[in-house]
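Commentary on secondary and tertiary structure
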Amino acid sequence: MTGSDGEADDAPPEFDPADIDGSDIEPIGAMIAVAFTGAVIGLVGAGVALFVSDLGLALIGVGVVVALSSPFAYLRLRRRYEY
């Protein structure tokens, strides 16, 4: 984006991507990443199923299990720590 003077807007001074540490990622962010990974595995499996049906179906199954484990883990974490 550009400002009114035509120059690019800089990020606010308090934001520095290098300051993000692995411990800063909260559990919900990790669960979203796991669900996304499961979805990608399932989509790859759907593509592979066109050529190698057994391998494709296996990848779709793994993708579904991985994608569904994320919401179950979130519900368990929420129930355990009640937040």
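Our structure's up above, just so we're on the same page.
My aim in this report is to walk through the structure given alongside it, one point at a time. (Residues numbered from 1 in each chain as written. Predicted model: local features only at pLDDT ≥ 70, side-chain atom pairs only at ≥ 80, totals over all residues. Heavy atoms only, no water.)

Considerations on the overall build of the chain
Each helix and strand in the chain was counted, giving two helices and zero strands. Within the chain, the fraction of its 83 residues that count as buried is 10%. Taking the contacts inside the chain whose residues are at least 6 apart along the sequence as the reference set, 44% of them involve residues at least 24 apart. (Helix = DSSP H or I, 4+ residues; strand = E, 2+ residues; numbered from the N terminus. Buried < 20%, exposed > 50% of the residue type's maximum accessible area, 1.4 Å probe, protein only. Contact = heavy atoms within 4.5 Å.)

Here's the deal with the side chain of Ser-70
Structurally, Ser-70 is set in helix H2 (residues 53-81). Under the relative-accessibility criterion, Ser-70 is labelled buried at 6%. In this structure the side chain of Ser-70 is engaged in a polar contact, spanning 2.4 Å, whose partner is the backbone oxygen of Met-31. Contacts of Ser-70, omitting those with residues within four sequence positions, involve Met-31, Ile-32, Val-34 and Ala-35. (Polar contact = N/O pair within 3.5 Å; in protein donor to acceptor, adjacent residues only side chain to side chain.)

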